Amino acid sequence: MDIPSYHQRSKHRLDAYAPGPGRLDWANQPDPWRRFEGAPRVQLPFGADGVQTHYEDVRQGLRPPVAALTLPNLAVLFELSLALSAWKEFQGSRWALRCNPSSGNLHPTEAYLVAPTLPGLAGGVHHYLSRDHVLEQRTAGGTDWDAAFGEGAILVALSSIHWREAWKYGMRAYRYCQHDCGHAIAAISVAAAALGWAVRVIDHASDDDIVRLAGLDRDADYGDAEREAPDVLLQVGDAAARVDIDALLALAADARWQGQANRLSESHVEWRDIDAVAAAVRKPRSAPAAAPACPALPAPAATVRDLSVATLVRQRRSAVAFDGVTTMSSDAFFAMLDVLLPRSGVPPFDAWPEAPQVHLAIFAHRVTGLEPGLYLLLRDAAALDEVRAALREDWLWVKTGPAHLPLYLLIPYDLRASAELVSCHQEIAADSCFALGMLARFGLAQREAWRYPQLYRECGMVGHMLYLEAEAAGLRGTGIGCFFDDVMHELLGLAGDEWQSLYHFTVGGPVEDSRLSSLPPY
């Protein structure tokens, strides 16, 4: 299957939604926890409350001194990125929330730590189990792994279990898995920055490298368990450290692996389109991309609430409804958008290997000091002429906001009904302060298929920062995966398919459900 075919087949349309399960088979709801039975476990300490770094510093690129690479500090990295943030309970049902957002709270993303020998931790490959905040030791440890690491760095490999999303969302689930990978990249980047560490996507690594390094190809270890698809490989720690990937791959090939993957559901629905697109986008080894040049920009205006990273990421929630009344100031709105512009040394976009390929079409509803209407934020100002040429000729393109913010008013109008319509008739897109769609350069994926998931991951990173910015502004955000793709394109006047909307998002004043009880995460 080629990428355009999958993308067209997985679109929601006014007259028909993308193929899905039709009903939720609750008896086969996937287990949210991937475990490797029989693998030795390392219980991680809880130390996030001792991290004093404030989110305001992180968003301005002010990292604390680099923390030592120790097991307690690695525990904090996971605690503030992929760990549980709370349990919710309603009428006897109980479910976990995590620091990293996920479509439908289904969490297809799995994480593997590849590390040298540390006090209390054997060198090698470990799987992170968020439910218990433990590392499962997948390879029998040894100091042989140490020489492959530059001083002060570790690797984190991310993978996806597509079935976790497909159980609920069917064919479109592949898209959501890639959003969630982007959420996780940004979550890890912010948590690492709180420790003074940098994160870098190792963009030259192939998907086969990730598979071999994380042990995803080990048939004997998975048996009839659901398999995991490779997503991305991250270097975390000292930005100057160099890790020898080939040496690590050789060690993984010779290692003695431990643990048996658990089966998540007794039966499954086969979504061949997902399998086909995952095979089509398989990434080869490539030359490392040159670091994108970031323009010198002033720091974004301060947030409304000056919270620590630990407080902010653990209180982040996805809104289920907005009150339709709450407003936000234009200054807060501009500051929130400002954080989405890449800056040198500022997480999470300093982890991303390329210049921005995702821009935002924004429906502004309740922003005081800003006229309601449709706006366009260019995350790369150099794309102005190209994006402008792709949209309707009669848009106004009136520059607004701070001088350095590439934000343009396209049309002043109350577009609440339009925002609700394109977002599958969901009121949450109209009752908010603003809603938006993320326009990505889809043409890249048509020319090189492996870029298709990358575009979604970049969208996910943008979405994660909107989640955090909303919380810091005293509001709440939520990602919207259900939208009518081509209705959005028609509204914008997009011609051709060089640009496609890949993710929607909305921010506003939340309506809390008082029926739910909250419990501590651990």
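Attention in this report is confined to the structure presented alongside it. (Residues numbered from 1 in each chain as written. Predicted model: local features only at pLDDT ≥ 70, side-chain atom pairs only at ≥ 80, totals over all residues. Heavy atoms only, no water.)

Helix and strand counts for the chain come out as 16 helices and 21 strands. Since a compact globule built from 522 residues should have a radius of gyration of about 24 Å, the 22 Å found for the chain is in line with a globular shape. With respect to the principal axes defined by its C-alpha atoms, the chain has extents near 65 × 50 × 50 Å. Expressed as a percentage of the 522 residues in the chain, the buried residues total 60%. In the chain, 82% of the contacts between residues at least 6 apart in sequence involve partners at least 24 apart. A total accessible area of about 19100 Å² is found for the chain, and carbon and sulfur atoms account for 51% of it. Positive and negative side-chain charges in the chain, numbering 46 and 64 respectively, have mean positions lying 2 Å apart. (Helix = DSSP H or I, 4+ residues; strand = E, 2+ residues; numbered from the N terminus. Rg over C-alpha atoms; globule rule 2.2 N^0.38 Å. Buried < 20%, exposed > 50% of the residue type's maximum accessible area, 1.4 Å probe, protein only. Contact = heavy atoms within 4.5 Å. Areas by Shrake-Rupley, 256 points an atom, 1.4 Å probe, with all protein chains shown as cover. Lys, Arg positive; Asp, Glu negative; His and termini not counted. Charge placed at Lys NZ, Arg CZ, Asp CG, Glu CD.)

Taken as a whole and judged by the stated rule, the model has 38 salt bridges. E354 is the salt-bridge partner of R451, the closest N and O atoms lying 2.7 Å from each other. Of this pair, R451 sits in helix α15 (residues 451-472) while E354 sits in the loop between α11 (330-338) and β13 (358-364), and the two are 97 residues apart along the sequence. According to the relative accessible area criterion, R451 is buried, its value standing at 14%. When salt bridges that share partners are traced, they join R41, R131, D132 and E136 into one network. (Salt bridge = Lys/Arg side-chain N within 4 Å of Asp/Glu carboxyl O.)

So, on to the environment of R13. Relative to the assigned elements, R13 resides in the loop between α1 (3-9) and β1 (36-37). On the basis of relative accessibility, which here comes to 29%, the residue R13 falls in the partly exposed class. Excluding residues that lie within four positions of it along the chain, R13 makes contacts with Q8, F484 and D486.

Under the criterion given, the structure shown has 18 aromatic pairs. Taken together, a centroid distance of 5.2 Å and an interplanar angle of 75 degrees make the contact between F333 and F434 edge-to-face. You can see F333 sitting in helix α11 and its partner F434 sitting in strand β18 (residues 434-441), a full 101 residues away along the chain. On the accessibility criterion, F333 (0% relative accessible area) is buried. F434 sits in the buried class, given a relative accessible area of 0%. Judged by centre distance (6.0 Å) and plane angle (80 degrees), the ring pair of F442 and Y452 falls under edge-to-face. Pair noted here: F442 is in the loop between β18 and α14 (443-447) and Y452 is in helix α15, with a separation of 10 residues, a long-range link. By relative accessible area, F442 is classed as buried at 2%. On the accessibility criterion, Y452 (0% relative accessible area) is buried. Here the aromatic residues Y6, Y174, F442, Y452 and Y456 are joined through ring pairs into a cluster of three or more. Above the plane of the ring of F483 lies R172, whose end atom (NZ or CZ) is 4.8 Å from the centre. (Phe/Tyr/Trp six-rings, centres within 6.5 Å; stacked < 30°, edge-to-face > 60°. Lys NZ or Arg CZ within 6 Å of the ring centre and 35° of its normal.)

To continue, consider the state of the cysteines. When the sulfur atoms of two cysteines share a covalent bond, that bond is a disulfide. Tallied over the entire structure, the rule returns 1 disulfide. Of the cysteine sulfurs around C181, a residue in no disulfide, the closest is that of C177, at 9.6 Å. The buried category is assigned to C181, whose relative accessible area is 0%. (Disulfide = S-S within 2.5 Å.)

Residue placement: S330 occurs in helix α11. On the accessibility criterion, S330 (13% relative accessible area) is buried. Among residues more than four places away in sequence, those in contact with S330 are V367, T368, G369 and L370.

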